[in-house]
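Residue-level listing of the chains:
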Amino acid sequence: MDGHEGHDHERRKHRVCITGNTEYHLHDNVCVAVKDLATGQFVEEHAAIGKELVGGINMAAEVVAPHDPHAVEPGDCLCFQSGKRSPLLTSRMVGSRRPSKDTVLKYRIPE
């Protein structure tokens, strides 16, 4: 995960959504990095990388449909999608946080 000069690394555009086993690092709701919590290592090739978080899904709700990606909360499954491909659903989110500045500087953010 090499840092790139000239990218907007403002932390408010970044957040980390955490499931039981994985951290999904987002830039403007696009997954830019995935970290395996068991190993503490970033996974270079993960199906979520490059996909947009289109919402959270509460599987216990009467209607199971993605809701506002800015309003995902613990208990929601994250729903990532890119184009017309099938969505990628994660396990339930357990928390979220802002990434450190050092971590943000390592992201590979597409131009």
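Parameters at a glance
- Residues numbered from 1 in each chain as written.
- Predicted model: local features only at pLDDT ≥ 70, side-chain atom pairs only at ≥ 80, totals over all residues.
- Heavy atoms only, no water.
- pLDDT = per-residue confidence, 0-100.
- Helix = DSSP H or I, 4+ residues; strand = E, 2+ residues; numbered from the N terminus.
- Contact = heavy atoms within 4.5 Å.
- Pairing = 2+ DSSP bridges.
- Disulfide = S-S within 2.5 Å.
- Buried < 20%, exposed > 50% of the residue type's maximum accessible area, 1.4 Å probe, protein only.
- Polar contact = N/O pair within 3.5 Å; in protein donor to acceptor, adjacent residues only side chain to side chain.

*Asks:* Help me understand the confidence of the model for the chain, please; the structure alone is not making it clear to me.
*Replies:* Caution applies to low-pLDDT regions: their predicted coordinates should not be interpreted in detail. Averaged over every residue, the pLDDT of the chain is 86; residues scoring 70 or more account for 85%. At the level of individual helices and strands, the chain shows its lowest average pLDDT in helix 1 (residues 101-106), which scores 89, and its highest in strand 2 (residues 22-27), which scores 97. Of the regions scoring below 50 in pLDDT, residues 1-9 engages in 26 contacts with residues more than four places distant in sequence or in other chains.

*Asks:* Just checking my understanding: could you explain unusual backbone geometry for this structure?
*Replies:* Leave glycine aside and you will find that most residues have negative phi; peptide bonds, for their part, are mostly trans. Residues other than glycine seldom take positive phi values, yet Asp28 does so here, at roughly 50°. Within the fold, Asp28 resides in the loop between strand 2 and strand 3 (30-36). Phi at Asn29 takes a positive value of approximately 70°, unusual for a residue other than glycine. Residue position: Asn29 is located in the loop between strand 2 and strand 3.

*Asks:* Explain the pairing of strand 3 to me, please; I cannot follow it from the model alone.
*Replies:* On a regular strand, one side chain projects to one face of the sheet and the next to the other, so that they alternate. Examined bridge by bridge, strand 2 and strand 3 share 6 bridges and lie antiparallel to one another. Counterpart to His25 in the pairing with strand 3 is Ala33. The hairpin turn running from strand 2 into strand 3, its antiparallel successor, is 2 residues long, and Asp28 in that turn takes a positive phi close to 50°. Sheet topology places strand 3 next to strand 4 (residues 41-42); 2 bridges connect them, and they run antiparallel. Among the inter-strand pairings, Asp36 is bridged to a residue of strand 4, identified as Gln41. Following strand 3, the chain reverses through 4 residues before pairing antiparallel with strand 4; Gly40 in that reversal takes a positive phi of roughly 75°.

*Asks:* Explain the state of the cysteines here, please?
*Replies:* Simply put, the disulfide is a covalent bond whose two ends are the sulfur atoms of two cysteines. Evaluation of the coordinates by the stated rule reveals 0 disulfides. Left without a disulfide partner, Cys77 is nearest to the cysteine sulfur of Cys79, which lies 9.5 Å away. For Cys77, a relative accessible area of 7% translates into the label buried.

*Asks:* I tried to follow the side chain of His27 on my own but got confused; where do I start?
*Replies:* Relative to the elements of secondary structure, His27 occurs in strand 2. Within polar-contact distance, the side chain of His27 engages the side chain of His14 at 2.9 Å.

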